[in-house]
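# Structure at a glance
So the chains spell out like this:
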Amino acid sequence: MKKIKEIAIYGKGGIGKSTTTSNISAALSDAGYTVMQVGCDPKSDSTNTLTGGKSIPTVLESLRKRRGNLKVEDVIIEGFNEIYCVEAGGPEPGVGCAGRGIITAIEFLKQENIYEKYSPDVVLYDVLGDVVCGGFAMPIREGVANQVYTVSSADFMAIYAANNLFKGIKKYSNGGGALFSGLIANSVTFPAQKDILEDFILQTKSTIAGFIPRSLTVTQAELWGKTTIEANPDSNQAEVYRKLAKSIYNNKEEYIPSPLESDELKNWAESWSDKLLELRKQEEGDFKI
Amino acid sequence: MTSKNEKVNQENILSNDQIQINSYENDSVEAPRYSCALSGVYGTTLGIRGGVPILHSGAGCGIGQLFGTLYAGGQSAGGNEGGTSTPCSCLVEEHVIFGGEEKLRNLIQSTIEIFNGSLFVVISGCVPSLIGDDVDSIVDEFRDKASIIHVNAPGFEGNSFEGYEQFWDAIVKQLLTPKEKQPKLVNIFGIVPYNHVFWKGELLNIKNILKKIGVDANIIFTEKDGLENIKKIPSAEYNIVLSQWQGHEIAERLKNKFQIPYIKFPSVPVGAKQTSEFLRKVGEKLNISSDKIESLIEEEEDRTYRFMEYPADAVILVRPHSYFAVVADSGTAIGITKFLTNELGYLPDIIQITDNPPDKYRESIVKEIIENIETVVRPDIIFEADTYNIRENLKDRPFLFLLSSSLEAPTATEDFGALHISVSFPVYNRSILVHNYSGYDGGLQLFEDVISTFVGPL
Ligand SMILES: Nc1ncnc2c1ncn2[C@@H]1O[C@H](COP(=O)(O)OP(=O)(O)O)[C@@H](O)[C@H]1O
Ligand SMILES: [Mg+2]
């Protein structure tokens, strides 16, 4: 069996995980690889821009309806350029246990030997979060993903989520869990944002996998239900995603980052407070344009 | 021993190396002498006639308690509402992920329709508590259709003895309303159904003996119209708590909410001395003429002590001044130890307390035993619930009688050279209906049980 590259992409909600992941999928697929994208977020919109903006049936909802008779074909939907799209699904906000949902969905996919049936070159897991409980750490445990990325902006909350992810990786690394391969800096427009993120990776002995600027092209493509790669392949932004996809595919770097303790993180953030305020003003100015 | 010495001894009661106030909760427990919080609420509900438990849990929580709590409580099945008939939402993975609220709603609806119960008790186990099902608001939907309460009792929250308190907490908060006081009415607390294996007979005895001094005891459990008994709770003049820790929380709650004071006893009274003391204290608090109390005591003691003379030969000729060991929940252990020591002249060798009392009560349990046994022998007192450790603690000791759970019964002679009597949870080898050791006759029954282990065989 060929070596499959399995990548998990984490990050705080709304930071651009799905946008980035879908563009990476689209770029790799364009480059000739067989790609599968698994959304692990109860929001279930990870693959929307790969399927013309439409939602696809989720694993958990289908498991519930079919009661043991579920076939993988029912939940693996071909999207743009024959990318295999999967959504784990999950409960309504405020009920049930989304973490257990992710465990169940991933166990189902593993059980069904989807890798043999679909033989992908790359599988990308797009995972919600702060790694708040064991369920959300499922993709980084042994036997699922082997490389982990996090999408983060220079926003403190996004960095906080990235730091939590580092803690999770460190914990599971003893048991053969996935290792870290880099931070994807999203929505980075101002030099100060870059400075903040570069200092964070320095503090945590990690690396940056690439910078993605904030761009209206992305918004526009999303409104059409498409990735930037599909909607506007000749744009600068598409080129940025293609380069990122290529470097991620070839990235051999895998390591355990050094998360900051809560106090350290707080002190570190405080040291940047002046810069952050300045940034806020710039962003507000940017907004008015 | 000088009086000064005695005082020092008391102050240092917990530093004495004969006493182990060990906390074993962080270690694994082999064959523990209790079940989980859910079990305590479940057993308590089944103790109430007309009480219908509705388990919001996995299927195993119900069937597990049939073997682990009901049969273990002296081979008592659960009646029409318990055991395999228990309504249960039988949660599976789907409900863990998406929540089990809808299933519970349907289950409550059909349970109310089908069961001839008067009090429905929804018991949430581990799954709904972990995922945060909003059970309260579902139960709210049914409050105008039936008497119904919700007890949030995930197994991990405590043991079965603590489940008893959780049950009462829910009753006080969700069901009880102020009532006009009824003179000479008392509620009895601290006797945990099933887990305290003699609960049925003890409650009956307490009721009967109090009746003789003109006190009406609301024993709540085992009697017809359980719900009516519960609703009557706020009318009581006093609450009587028969345990060094069980029932204390509910008594406090009732004191705060309905201004009912409580009288506390370390255990159910076993035999003449403890029972006379019990009667005197209750009489004093409830303003009953001491003539009435004393004449009853005189009559009962006269009869009891004459009865105790019948087997006295067997004790004196065959097993005088024997050492004994007790392994039991604190209530059972305290009453039995004091009786065997103070009334039979037996010698307490080792006492293992198995109900895992919260730390703040442990010292008072030790004191209650040490300060109330009329003997020069100082027993080892150990808090332990792990069956392996319990057995290790029993090895190479002088005791001749072992009063414990039925887990030790088959090998008591072989392992410890002891004659065994099953007195504490779990009891599988003995059907316990009205048999118990409370009151004047109860002491005689304990005497009977002890003698019967060695007389005969023909
Ligand atoms: N680089 C970017 N430039 C402009 N908009 C972006 C960029 N990255 C993300 N977005 C927008 O941010 C919003 C949230 O992105 P999404 O990928 O859904 O986040 P997540 O999956 O992390 O919750 C979307 O509307 C998306 O179009
Ligand atoms: Mg997303």
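Residues numbered from 1 in each chain as written. Chains lettered and ligands numbered in written order. Predicted model: local features only at pLDDT ≥ 70, side-chain atom pairs only at ≥ 80, totals over all residues. Heavy atoms only, no water.

Residues and elements named next belong to chain A. As a matter of local geometry, ligand 1 sits amid 17 residues, with Gly14, Lys17, Ser18, Thr19 and Glu222 nearest to it. At a separation of 3.1 Å, a nitrogen atom of ligand 1 approaches a polar backbone atom of Pro213. For the shell around ligand 1, the secondary structure elements donating two or more residues are helix 1 (17-30) and helix 7 (216-223). Broken down by element, the shell around ligand 1 gets its largest block of residues, 3 residues, from helix 1. Of the residues in the shell around ligand 1, the class split is 4 nonpolar, 8 polar and 5 charged. (Near = heavy atom within 4 Å. Polar contact = N/O pair within 3.5 Å; in protein donor to acceptor, adjacent residues only side chain to side chain. Helix = DSSP H or I, 4+ residues; strand = E, 2+ residues; numbered from the N terminus. Nonpolar A, V, L, I, M, F, W, Y, C, P; charged D, E, K, R; others polar.)

Evaluation of the coordinates by the stated rule reveals 20 aromatic pairs over all chains. Each ring, one from Phe200(A) and one from Trp268(A), has its centre 5.6 Å from the other, and the planes form 55°; the classification is tilted. With Phe200(A) in helix 6 (residues 191-203) and Trp268(A) in helix 10 (residues 262-271), the pair connects residues that are 68 residues apart, well separated along the chain. The burial state of Phe200(A) is the same as that of Trp268(A); both residues are buried. Measuring from centroid to centroid gives 6.3 Å for Phe399(B) and Phe416(B), while their planes differ by 45°, and the two rings are tilted. Within this pair, whereas Phe399(B) is found in the loop between helix 17 (387-394) and strand 12 (401-404), its partner Phe416(B) is found in helix 18 (residues 412-416), the two being separated by 17 residues in sequence. Take Phe399(B): its relative accessible area is 2%, and that puts it in the buried class. Residue Phe416(B) is classed as buried on the basis of its relative accessible area of 9%. Site record: aromatic cluster; members linked through ring pairs are Phe166(A), Phe180(A), Phe200(A), Tyr255(A) and Trp268(A). Across the ring face of Phe211(A), the terminal group of Lys194(A) is positioned such that the distance to the ring centre comes to 5.0 Å. Above the ring of Phe307(B), the side-chain terminus of Arg303(B) is found at 6.0 Å from the ring centroid. (Phe/Tyr/Trp six-rings, centres within 6.5 Å; stacked < 30°, edge-to-face > 60°. Buried < 20%, exposed > 50% of the residue type's maximum accessible area, 1.4 Å probe, protein only. Lys NZ or Arg CZ within 6 Å of the ring centre and 35° of its normal.)

Between chain B and chain A, the residue contacts involve 8 residues of the former and 12 residues of the latter. Between chain B and chain A the total buried area reaches about 950 Å² when both faces are included, carbon and sulfur atoms providing 56% of it. For the chain B face of the interface with chain A, the top three residues by lost area are Glu94(B), Ile97(B) and Phe98(B), together amounting to 63%. Here chain B is connected to chain A by 2 salt bridges. (Contact = heavy atoms within 4.5 Å. Buried area = accessible area lost by both parts, 1.4 Å probe. Salt bridge = Lys/Arg side-chain N within 4 Å of Asp/Glu carboxyl O.)

Now for the sheet that holds strand 5 (residues 122-127) of chain A. Residue and element names in this part refer to chain A. With mixed pairing, 8 strands are arranged side by side in an open sheet as 3-4-2-5-1-6-7-8. The strands lining the two open edges of the sheet, one partner per strand, are strand 3 (77-78) and strand 8 (208-212). With 5 bridges connecting them, strand 1 (residues 5-10) and strand 5 associate as parallel partners. Each residue of the ladder has a partner; that of Lys5, found in strand 5, is Val122. Helix 3 (residues 98-111) rests against strand 1, strand 2 (35-40), strand 4 (84-87) and strand 5 of the sheet, and its axis sits at about 155° to strand 2. Against the sheet, helix 6 touches strand 6 (147-152), strand 7 (179-186) and strand 8, its axis set at about 170° to strand 8. (Pairing = 2+ DSSP bridges. Axes fitted to C-alpha atoms, helices over the stretch in contact; angles between N-to-C directions.)

So, on to the domain arrangement of chain B. All names here are of chain B. Assigned domains within chain B: domain 1 (10-27 + 306-452), domain 2 (37-174) and domain 3 (185-303). Relative to domain 2, the C-alpha centre of domain 1 lies at a distance of 33 Å. Across the boundary between the two partners, domain 1 contributes 10 residues, which contact 11 residues of domain 2. Buried area between domain 1 and domain 2, both sides added, is near 800 Å², and the carbon and sulfur share of it is 53%. When the buried surface of domain 1 facing domain 2 is broken down by residue, Asp355, Phe425 and Tyr428 rank first, second and third, together holding 56% of it. Our count for the domain 1 to domain 2 interface comes out at 0 salt bridges. Taken together, the connections running from domain 1 to domain 2 amount to 6 residue pairs in polar contact (both at pLDDT 80 or more). Of the residues assigned to the side of domain 1 that touches domain 2, the class counts are 5 nonpolar, 2 polar and 3 charged. (Domains from an automatic or database assignment.)

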